[in-house]
Structure formats: structure tokens, C-alpha cells
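Structural overview for review
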Amino acid sequence: MEDLKNAIHEIVQQELIKIVISNKLNKDIKFNKIIFILKEDGTKQYYQIEKYTDKQVFHENIDITFLEEKLLEYISDSYKQVDAWSNITTFELKVSKKGKVYLGTKKSDNQALVNKGHNNEKNYILKEGMIIEPLIDLGIFTKDGKVVNSKYDKYKQINRFVEIIDDEIKKNDYNDLTILDFGCGKSYLTFVLYYYFVEIKKINVKMIGLDLKEDVINKCNDIAKRYNYENLHFELGDINGFKYDNKVDMVITLHACDTATDYALYNAVKWNSKMIFAVPCCQHEFNSQIKTDSLSILTKYGIVQERVSALMTDAVRANLLESVGYKTQLLEFIDISHSPKNILIRATKANILKDKKEKSLIEVNNLMNEFNLNSTLYNLLKNENLI
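This structure is a prediction, so every number in the text was calculated from the model and none was measured. (Residues numbered from 1 in each chain as written. Predicted model: local features only at pLDDT ≥ 70, side-chain atom pairs only at ≥ 80, totals over all residues. Heavy atoms only, no water.)

1. Re the pattern of salt bridges
Here is the rule: Should a side-chain nitrogen of Lys or Arg be within 4 Å of a carboxyl oxygen of Asp or Glu, the pair is scored as a salt bridge. A run of H or I in DSSP becomes a helix once it reaches four residues, and a run of E becomes a strand once it reaches two; helices and strands are each numbered from the N terminus. With a 1.4 Å probe rolled over the protein chains alone, any residue whose accessible area is under 20% of its type maximum counts as buried; one over 50% counts as exposed, and the rest are partly exposed.
Scanning the model with the defined rule gives 16 salt bridges in all. The partner of K201 in a salt bridge is D166, and the shortest N-O contact between them spans 3.4 Å. With K201 in the loop between α6 (189–200) and β9 (204–211) and D166 in helix α5 (residues 152–169), this residue pair connects regions lying 35 residues apart in the sequence. Residue classification places K201 among the partly exposed residues on the basis of a relative accessible area of 28%. Residue D176 pairs with K247 through a salt bridge whose shortest N-O separation is 3.5 Å. Of this pair, D176 sits in strand β8 (residues 176–182) while K247 sits in the loop between β10 (232–236) and β11 (250–257); the two residues are 71 residues apart in sequence, bridging distant segments of the chain. Residue classification places K247 among the partly exposed residues on the basis of a relative accessible area of 43%.

In C-alpha cells:
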């Protein structure tokens, strides 16, 4: 048994793409074979387990940290063979009738297995083969719509963002949408989203990108013309004080620095936007204010204070949105520039119960009182009598 434990421990030191347990010891063992496949959901990795009987397949998902324990559980006294593959190594483990353990390893390029896993694992919205000009210009797609191998991570990240939006879009039958992208910068995400709405969802959209840099705005308008994106244009302006008199269905803000996110959320609420998607950045406001006597352990260490302050900022924003009638989620999100700021606020207009709104606001006040905080978004909503 000790030899088996040592062999399994050696195998799991590498990130395993696939594992097959087979050759059962006797016919009374329920499953003919058991397969582990490495999967990914956003930023989280896990193993999907497929357990085969003569007529059925049973599925189970486990956290990657439980892999070694689970392998031992299945193999002990039940199976005689384990085959496993990582990116660079193939493992073959066999147990003899007398219980002797043999482990063979060989170096091998299992990239084809990795790619097959990628293709089977995810049915992406932005599929290979589509001619998506922004992705070609970014160097993520080749001219014939194939993913460049070195850009696969970025391809997944862009799809992740589109999927988060698509989760809301597919709940309703939208014919037209007006979308504002605050602090759009020179990111091609705005162009990718326009392609998604117009070419994939067949929705008549009007998209406006807003940024403070005139050269960026001019360049983006030129690109929109080159792509023939007729209803996408960019304007020079500040999130704070931006005026728009028509209806706004969706507000997007990615990496608006510090309180700029608060002004974007405030404008979205004032416009009664149906949907809000925000990835905050550079959250200094609470970090410069936070002070507490009873929970001073949270402010004792600079890095802890900084991270706690950022999390508190997003928690307050989410609760405030809920208090003004939005169903709000904080989602883990891998952004395009690999920033550690990987929380996305997704809020949709909903019929929130009065008690829930009041509770959300009470929680905000309790937190701000405990830690001596003053929130920009809170003050903006309060001054407009929205809370």
C-alpha cells in the first residue's frame, strides 16, 4: 500500500490533463473504468470524473486539491492500471496480482491532447473560423480565423467577458440596445462586443465609447470606420459630468480608475440602465480612510489593508446597486491585461423587495461606521435622493 501511495504522489506532482483508471480486479467492482479530465471554469480548475458501467456514465466534479486522495480511494484494492498524461510526461502505473507496484514514465509532447481537451471543454461564443477583424488586429486570430497558439489564454479571457454579458442578454429578446462604454481606452474589447451584438446576436445596437484622450478617440473612430461598424462611435469626455439625454440600456466600464467607477455606476443608475458591467481598478478611496479600533488587525499590515479596502469598496458598490433596485453579483474575472483586479460587478435591473433594499443599505452604513469610511457612490446617490 505504501508503494502505491508513493507512486500516486509522484504522478500528481505534475498538472495532469487526463487520467484513466482501468483493469478492475474482479467483476463485482461497479465501474469498468474511471476517467479524470482537467477542466476550467473562468479562473478555477477542477477535475471532471467519468465513471463507466456497462450501460451508464456517472459524473462527479472535484477540486484539484483532492486529486491524490481521490485516486487512492478508487485504485486501492479495485484496479490494476492507471494511465496519466501531463503536458510533457506520460505515466503508466500497474499493480500485479501480488500487489507489486510498477511505475513507468516517459517524456512526451501531449500538446495534441491538451488542444483536444480545450476544444471539447468549451463551446466558445467567439469561435475559431469566424473572421473577427478586432481579434485579427490584436494578433489573437490569424487572417483565416484560427487562434494563434501563444494567444490562447487571451482568447479565453475575451470569451469569458463576452460570456458574462451573454448570460444576461439571452434572458430577454432584445431587438435594439444603446450601450455606453465609459473609459473605453484603446482596448479592442469595445469592437469585439460590437461584433458580438451585431453579427452573432443580430441586435441593432448603438454603442458609444467615452475616453479622456483625444488621440485615442480619433484612432478608435477611424478603426470603426475601417471595420464598417456604422453604429459605433467614440466621444471625448469625462465620466464625471457626462450628459446623455436618451435611453441607455447597458453601461460598461473596464478599469476606470478609483472613483471613476463610482461615477459610471451613478450615471447608470440615473439613466435607469437595464444592465451594468464594471471591472473596477485602483481603489484608493477606502484605503486612505480606513480606521477601526475593534478590528485593527485588518489595518495593521499594509498589504492586508489595501486588499481589504478594495474588497470593501466593491462590496459597498454591490450593496448600493442592490438598494436602488439592481440584482447584483460580484464575479471572478480574468481581465484582458492580466491585472490582479479581477472582480467584475454585474448588475441587472430587477424587482428587488423593499426589505432586501433596506437591509443592503443598513449593511453599507454599518460597514462605513465601523471603519470610518466615506463612499463617493453613496454620496452621489444620497444627494440625488436615490437612497
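2. With respect to the sheet that holds strand β14 (residues 343–349)
How we decide: Strand pairing is assigned whenever DSSP detects at least two bridges linking the two strands. Fitted lines through C-alpha atoms serve as axes, helices being fitted only where they are in contact, and the angles separating the N-to-C directions of these axes extend from 0 to 180 degrees. A contact between two residues is defined here by any heavy atoms of the two lying within 4.5 Å.
Read from one edge of the open sheet, 7 strands run β10-β9-β8-β11-β12-β14-β13, paired in mixed fashion. Each end of this open sheet is capped by a strand with a single partner; those strands are β10 and β13 (326–332). Neighbour-to-neighbour, the strand axes of this sheet turn through a mean angle of 15°, independent of strand direction. Bridge count for β8 against β11 is 4 bridges, and the pairing is parallel. Its bridge partner lying in β11, F182 is registered against T253. Its contacts with the sheet put helix α7 (residues 214–226) on β9 and β10, and the angle it makes with β10 is roughly 170°. Its contacts with the sheet place helix α8 (residues 260–270) against β8, β11, β12 (275–281) and β13, and it is angled at close to 170° to β11.

3. Section: the sheet that holds strand β5 (residues 79–86)
One open sheet accounts for 7 strands, arranged β4-β3-β2-β1-β5-β6-β7; its pairing is antiparallel. Two strands bound the open sheet, and with one partner strand each, they are β4 (57–63) and β7 (101–107). Here the strands of the sheet are splayed against their neighbours by 15° on average, with no regard to which way each runs. Pairing between β5 and strand β6 (residues 89–95): 5 bridges, direction antiparallel. Note on β6: the bridge partner recorded for V82 is L93. With respect to the sheet, helix α2 (residues 67–75) is in contact with β1 (16–24), β2 (33–41), β3 (44–52), β4 and β5, its orientation differing from that of β1 by roughly 10°.

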